[in-house]
Amino acid sequence: MCMVIFAPLFAIFAFATCGGYSGQLRVSVDCINKSDSNLSIGINFAYPFRLNRVEFDVPMCEGRRQERLYLIGDFSSSAEFFVTIAVFSFLYSLLATVVYIFFQNKYRENNRGPLIDFIVTVVFSFMWLVSSSAWAKGLSDVKAATDPDEVVLLMSACKVQTNKCSSVYGPRWSGLNTSVVFGYLNFVLWAGNIWFVFKETGWHKEGAARYPASSSEKQTTAFNQQVYNQGTFDQSGGAFTGTGDFAQSEYSQVGNYGGPISYTNQ
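Residues numbered from 1 in each chain as written. Predicted model: local features only at pLDDT ≥ 70, side-chain atom pairs only at ≥ 80, totals over all residues. Heavy atoms only, no water.

A. Molecular detail of the overall build of the protein. A count of helices and strands for the protein gives eight helices and nine strands. Taken over 266 residues, the protein has a buried fraction of 33%. Look at the contacts in the protein between residues 6 or more apart in sequence, and 67% of them connect residues 24 or more apart. A total accessible area of about 16,600 Å² is found for the protein, and carbon and sulfur atoms account for 59% of it. (Helix = DSSP H or I, 4+ residues; strand = E, 2+ residues; numbered from the N terminus. Buried < 20%, exposed > 50% of the residue type's maximum accessible area, 1.4 Å probe, protein only. Contact = heavy atoms within 4.5 Å. Areas by Shrake-Rupley, 256 points an atom, 1.4 Å probe, with all protein chains shown as cover.)

B. Region of the structure containing the pattern of salt bridges. Using the criterion set out here, one finds six salt bridges in the structure. With a shortest N-O distance of 3.2 Å, Glu 80 and Arg 50 are connected by a salt bridge. One end of the pair, Glu 80, is in helix α2 (residues 76-102); the other, Arg 50, is in the loop between β2 (38-46) and β3 (55-59), and 30 residues separate them in sequence. On the accessibility criterion, Arg 50 (27% relative accessible area) is partly exposed. A single salt-bridge network, built from bridges that share partners, covers Glu 55, Asp 57 and Arg 68. (Salt bridge = Lys/Arg side-chain N within 4 Å of Asp/Glu carboxyl O.)

C. Quick look at the sheet that holds strand β5 (residues 164-169). If you trace the three strands from one edge of the open sheet to the other, you get β2-β1-β5, paired in antiparallel fashion. With partners counted over all chains shown, the strands left at the sheet margins are β2 and β5, one partner each. Averaged over all adjacent pairs, the angle separating strand axes in this sheet is 25°, with direction ignored. Bridge count for strand β1 (residues 22-30) against β2 is seven bridges, and the pairing is antiparallel. (Pairing = 2+ DSSP bridges. Axes fitted to C-alpha atoms, helices over the stretch in contact; angles between N-to-C directions.)

D. Main features of the packing of helix α4 (residues 112-145) against helix α6 (residues 174-198). Their axes nearest at 8 Å, the elements α4 and α6 cross at an angle of 160°. As far as their axial angle goes, α6 and α4 are roughly antiparallel. The two elements α4 and α6 meet at a crossing, and its hand is left-handed. When the residues that make up the contact of α4 with α6 are grouped by side-chain class, the tally is 18 nonpolar, nine polar and two charged. (Parallel < 35°, antiparallel > 145°, perpendicular 65-115°, else oblique. Left-handed = near helix turned anticlockwise from the far one by under 90°. Nonpolar A, V, L, I, M, F, W, Y, C, P; charged D, E, K, R; others polar.)

E. Main features of the environment of Ile 72. Relative to the helices and strands, Ile 72 is located in the loop between β4 (66-70) and α2. Once residues lying within four places of it in the same chain are set aside, the contact partners of Ile 72 are Leu 51, Ala 145 and Leu 154.

Structure follows, in structure tokens:
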């Protein structure tokens, strides 16, 4: 039930926070000639984070001349891989929900449904771990490439000591950090569901039928039944009698104490 409820939601949060992200950083170039300065240079970037295609113009502090620069790095592979896994995970979760609710008989027929479900669950668990780890590394690289202090170093005007370059503000990373968290939450959710899906397969049922109970449990059960069957309760006399028949036993002395004397319980 947890899988049916949380898997689609976690998948939505994962690809929405990553695939819908857009950020901006802003730097300033203060030339010795104030008329050539630009104190608000905005640089926008977004998913899929092909930063080497993000261009921006900055002053060169040489008259009105400007240079066109690009950010460094292409991190689209890890980001798109992460989003792709999230989308397919969402679609499969919806399909599995429909099958669980409306096609339960078909699902259990010939044990084919549980086996397919088990294999797919294992695959998605592994893919969530790989994609989340790859995207966490990719996000770290994106943060480094879009650090305003690093971007300032790309500008030729900032290499002249008489000019002053600084960062105004950097991007906000809360959305992308959340996407990584949901990526690992999806891995935990799918990995935890492996056992519940495995219990529905024939592999688990064959193992349970092959080893229904341990030998110690069988011996304990047989002993308890034997003791219970041997002990009876005498309704007429109200006395407990066992296989020894204490109510009818005779106490006789084998040795002679002055003569053969025997005591019989009447």
